[in-house]
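Fold and geometry: a report
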Amino acid sequence: MTTAAPTKTEYEAVIGLETHCQLETETKIFCDSSAKFTVDPNVNIDPICLGMPGVLPVLNEKVLEYAVKAGMALNCQIAPYSKFDRKQYFYPDLPKNYQITQSDLPIGEHGWVEIELYDKKSGTSSRKRIGVTRLHMEEDAGKLVHGGGSDNDRIGGSTYSLVDYNRAGVPLIEIVSEPDIRTGQEAAEYAQEIRRIVRYLGVGNGNMQEGSLRCDVNISVRVKGTEKFGTKVEIKNMNSFSAIQRAIDFEIDRQIAANEAGEPIFQETRLWDETAQETRSMRLKEGSSDYRYFPEPDLGPIEVSAAQQEAWKAELPELPRSKRHRYQDDLGLSPYDTRVITDDRATTEYFEAVLAAGAPAKPAANWIMGDIGAYLNANNGMGISELKLTPSGLAELIVLIEDGTISNKIAKDLLPELLENGGSPKAIVEKKGLVQISDPAVIEAAVLEVIAANPNELAQYKGGKTKMLGFFVGQVLKKTGGKADPKLANQIVAQKLNEA
Amino acid sequence: MLNSEQVHKVALLARLQLTETEESQFAQQLSGILDYVELLNELDVDGVAPTTRAIDVSNVVRADRVKLWEGREDLLDCAPDRDGEFYRVPKIGSSEG
């Protein structure tokens, strides 16, 4: 998509993302307090995450494992020697007055993410690699609750803020992309792929509304074909993937318009305002040297051995990119079906179990995306793994349709019961006598009865109203309790109507 | 030689309020310290890998098991200004962070 269409000069945007993902560990990164979200303020606190004098942080082994696994999944080189640093600034949500993070020796570098961009109009997709500059571990800050109201209340009223340090010290990984992104759509897709990966790995939940996944965007525009970057602007405060896309598209337009009008673009941080659907200047950005990084003296370096790396690598699941390639190349699924099924690991596991139990891929995908998906949505986003209908149950149902034992309609009629109670579709079909009628003689008898019982409709058909064919087929299906093979019924009805 | 302007900036970043006299005084003292450390540059360190630490330990980690800190009240009480279950701080603009 081009946002710059009507202008004479063609511009392109140069976009990079900084993504913070909360890691789902039990405890904080450097101390034993719980890292779980807690409503009551200042419950998960202790002297270490509050930065009391004389305390010693110790790295949580799960944080290291999760960070290395995430690094591997993002195709990073894992550093043989890595360390922590102090990033210093004063803000009340930061009790130590510095954040423990990683500066020059991050745990992972030089990775990439493959995104697949789906084009709704054509139903096709294209792939692009976005470079990952680095991945590092760091601690989160606390939360400010502004006295007398919300964040929006900054200007008026209250003279104080309240601080909740439950989140201070919660483990994060920060993933920095190369400036390889060109559009809002690519950025949103990149962020979604990061979320898919952390969810597949089981290292984070990636929930944007709760702030478990946060994206900051760096964006500049330049005349297409030129090398030099324009002035970089940072955008924050997007809490959905579509907000990322809209904020970027807005900002691209704003920067191009400024260029065209000969107005300066300031290096600054802008906030996305969801209500107004625009970005707003927040502050002029300081030089990064003001953070005065230096090595964290209280934490030793990290050396992940080759053996440890191999062990962790062996624990990685098949990742979304590999599944996307396999589903399209080997199973013949469309880009759209692939996108829906691979979006979440539990769905792919269910889907693959259905295939393993003997069902073909396309109908399996259709059932999962269609009726089953609708059922899960209707049940407050119930997880597919909680479904009473097991993968082998669904496979059995699909095989019953495929081999002609039951019609698709019967299968659809059976589904609600299977979804509610589970059980074997084969056994239910036999018990209820729902086996499809494929005997032409039996269907013919029903057809003749239906024709005899509806002389008016027959006359209409004879009078040229050929649409009445559907009516007769419907009546035949009804008469057979939906069990007549619909294709066969259709043929025989047509034949008998013409003979009548 | 460190000048007063540099000292002024460092003091600002560290939230220290210095008088002009102190600034020039510290410029002199800090320069002395830096000059002393500068002596290290006389050593030939070609081919020596940079070190980030003085103590030779690595991979110190702990198990991911929750231990509740029992002294929550004390932690809340030792703040200069407590407000129920919160720490209370002067309202801050968005100039930093």
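A brief structural summary. (Residues numbered from 1 in each chain as written. Chains lettered and ligands numbered in written order. Predicted model: local features only at pLDDT ≥ 70, side-chain atom pairs only at ≥ 80, totals over all residues. Heavy atoms only, no water.)

**Some thoughts on the sheet that holds strand 3 (residues 86-90) of chain B**
If you walk across this open sheet you meet the 4 strands as 8(A)-9(A)-3(B)-2(B), and the pairing is antiparallel. Edge strands, defined here as strands with exactly one partner in the open sheet, are strand 8 (143-146) of chain A together with strand 2 (82-83) of chain B. Bridge count for strand 9 (residues 160-164) of chain A against strand 3 of chain B is 4 bridges, and the pairing is antiparallel. Along strand 3 of chain B, the bridge assignment pairs A:Tyr160 with B:Pro90. (Pairing = 2+ DSSP bridges. Helix = DSSP H or I, 4+ residues; strand = E, 2+ residues; numbered from the N terminus.)

**Some details on empty space enclosed by the protein**
Residue and element names in this part refer to chain A. Evaluation of the coordinates by the stated rule reveals 4 cavities of 30 Å³ or more. Approximately 70 Å³ is the volume attributed to the largest cavity. Lining the largest cavity are Glu116, Tyr118, Ser125, Glu189, Arg196, Arg324, Pro335, Arg339 and Thr342. Only strand 6 (108-119), helix 2 (184-201) and helix 6 (335-342) provide two or more residues apiece to the lining of the largest cavity. Examining the composition of the lining of the largest cavity, we find that 3 residues originate from one element, helix 6, more than from any other. Residues belonging to the lining of the largest cavity are distributed by class as follows: 2 nonpolar, 2 polar and 5 charged. (1 Å grid on protein atoms, 1.4 Å probe; cavity = no way out; pocket = protein on both sides within 12 Å on 5 of 7 lines; lining within 4 Å. Points joined across faces, edges and corners; volume = space filled by probe spheres on them. Nonpolar A, V, L, I, M, F, W, Y, C, P; charged D, E, K, R; others polar.)

**Brief notes about the pattern of salt bridges**
Residues and elements named next belong to chain A. Taken as a whole, this structure holds 51 salt bridges over all chains when the rule is applied. As a salt-bridge pair, Arg86 and Glu296 come within 2.9 Å of each other at their nearest N and O atoms. Of the two residues, Arg86 sits in strand 4 (residues 85-88) while Glu296 sits in the loop between strand 15 (294-295) and helix 4 (306-314), which places them 210 residues apart along the sequence. Its relative accessible area of 2% is what places Glu296 among the buried residues. The closest approach of N and O atoms between Arg324 and Glu116, which form a salt bridge, is 3.6 Å. Of this pair, Arg324 sits in helix 5 (residues 320-329) while Glu116 is found in strand 6, placing the two residues 208 residues apart along the sequence. Assessed through its relative accessible area of 4%, Arg324 is described here as buried. (Salt bridge = Lys/Arg side-chain N within 4 Å of Asp/Glu carboxyl O. Buried < 20%, exposed > 50% of the residue type's maximum accessible area, 1.4 Å probe, protein only.)

**Structural notes on the pairing of strand 8 of chain A**
Residue and element names in this part refer to chain A. Only one face of strand 8 is covered, namely the one carrying Leu144 and His146; the face carrying Lys143 and Val145 has none of its residues buried. Note that strand 8 and strand 9 share 4 bridges and pair antiparallel. Of the residues in strand 9, the one forming a bridge with Lys143 is Asp164.

**Concerning the pairing of strand 13 (residues 268-273) of chain A**
Residues and elements named next belong to chain A. Most of strand 13 sits out of view: 5 of its 6 residues are buried. Sheet analysis places strand 12 (residues 233-236) next to strand 13, joined by 3 bridges and oriented parallel. Considered in strand 13, the bridge of Glu234 is made with Thr269. Where the polypeptide runs from strand 12 across helix 3 (residues 241-260) and back to strand 13, its parallel neighbour, the crossover connection is left-handed. (Right-handed = clockwise from strand over helix to strand, strands pointing away.)

**Describing the sheet that holds strand 4 of chain A**
Residues and elements named next belong to chain A. Taken together, the 3 strands give an open sheet; going across it, the order is 5-4-15, and neighbouring strands pair in antiparallel fashion. With one partner strand each, in any of the chains shown, strand 5 (98-101) and strand 15 form the two edges of the open sheet. When strand 4 meets strand 5, the two strands line up antiparallel, connected through 4 bridges. The partner of Lys87 across the bridge, within strand 5, is Gln99.

**A closer look at unusual backbone geometry**
Residue and element names in this part refer to chain A. Although it is not a glycine, Asn75 adopts a positive phi angle of roughly 60°. Along the chain, Asn75 falls in the loop between helix 1 (61-73) and strand 3 (77-78). Exposure remark for Asn75: the relative accessible area of 30% places this residue in the partly exposed category.

**Thoughts on the packing of helix 7 (residues 345-356) of chain A against helix 8 (residues 361-378) of chain A**
All names here are of chain A. For the pair helix 7 and helix 8, the least separation of the axes is 9 Å and the interaxial angle reads 135°. Viewed along their axes, helix 7 and helix 8 adopt a mutual orientation that is oblique. Classified by chirality, the crossing of helix 8 by helix 7 is right-handed. Between helix 7 and helix 8, the residues in contact are Thr347, Tyr350, Phe351, Val354 and Leu355 and Ala361, Ala364, Ala365, Ile368 and Ile372, respectively. Classifying every residue of the contact of helix 7 with helix 8 by side-chain character gives 9 nonpolar, 1 polar and no charged. (Axes fitted to C-alpha atoms, helices over the stretch in contact; angles between N-to-C directions. Parallel < 35°, antiparallel > 145°, perpendicular 65-115°, else oblique. Left-handed = near helix turned anticlockwise from the far one by under 90°. Contact = heavy atoms within 4.5 Å.)

**Regarding a nonpolar patch on the surface**
Residue and element names in this part refer to chain B. A cluster of nonpolar side chains, contributed by Leu30, Ile33, Tyr36, Val37, Leu39, Leu40, Leu43, Val45 and Val48, occupies part of the molecular surface with about 900 Å² of accessible area. With respect to the helices, strands and loops of the structure, Tyr36 is situated in helix 2 (residues 20-38). Look at Tyr36 and you get exposed, because its relative accessible area is 61%. (Patch = residues over 30% accessible without salt bridge, like charges linked within 9 Å, V, L, I, M, F, W, Y side chains within 5 Å. Areas by Shrake-Rupley, 256 points an atom, 1.4 Å probe, with all protein chains shown as cover.)

**Some points on the environment of A:Ile29**
Looking at the element boundaries, A:Ile29 is found in the loop between strand 1 (11-22) and strand 2 (59-60). Look at A:Ile29 and you get buried, because its relative accessible area is 0%. Spatially, the C-alpha atom of A:Ile29 lies 53 Å from that of A:Ile401, the residues being 372 residues apart in sequence. Among all residues touching A:Ile29, those that are not within four sequence positions of it are A:Val58, A:Leu59, A:Asn60, A:Val63, A:Met137, A:Glu138, A:Glu139, A:Gly169, A:Pro171 and B:Arg62.

**Some thoughts on the interface of chain B and chain A**
Facing 36 residues of chain B, the contacting portion of chain A comprises 56 residues. Taken over both partners, the interface formed by chain B and chain A buries close to 4,300 Å², and the fraction arising from carbon and sulfur atoms is 57%. Area buried by chain B at its contact with chain A is led by B:Arg62, B:Asp64 and B:Lys91, which between them contribute 19% of it. Counting across the chain B and chain A interface gives 3 salt bridges. Of the charged contacts, one joins A:Asp290 and B:Lys9 as a salt bridge, the two residues approaching to 3.0 Å between their closest N and O atoms. (Buried area = accessible area lost by both parts, 1.4 Å probe.)

**Considerations on the environment of A:Met238**
Residue and element names in this part refer to chain A. By secondary structure assignment, the location of Met238 is in the loop between strand 12 and helix 3. The class of Met238 is buried, set by a relative accessible area of 5%. Sequence separation between Met238 and Val354 is 116 residues, and the spatial gap between their C-alpha atoms is 38 Å. Beyond its immediate sequence surroundings of up to four residues, Met238 is in contact with Met208, Cys215, Val217, Ala243, Ile244, Ala247 and Trp272.

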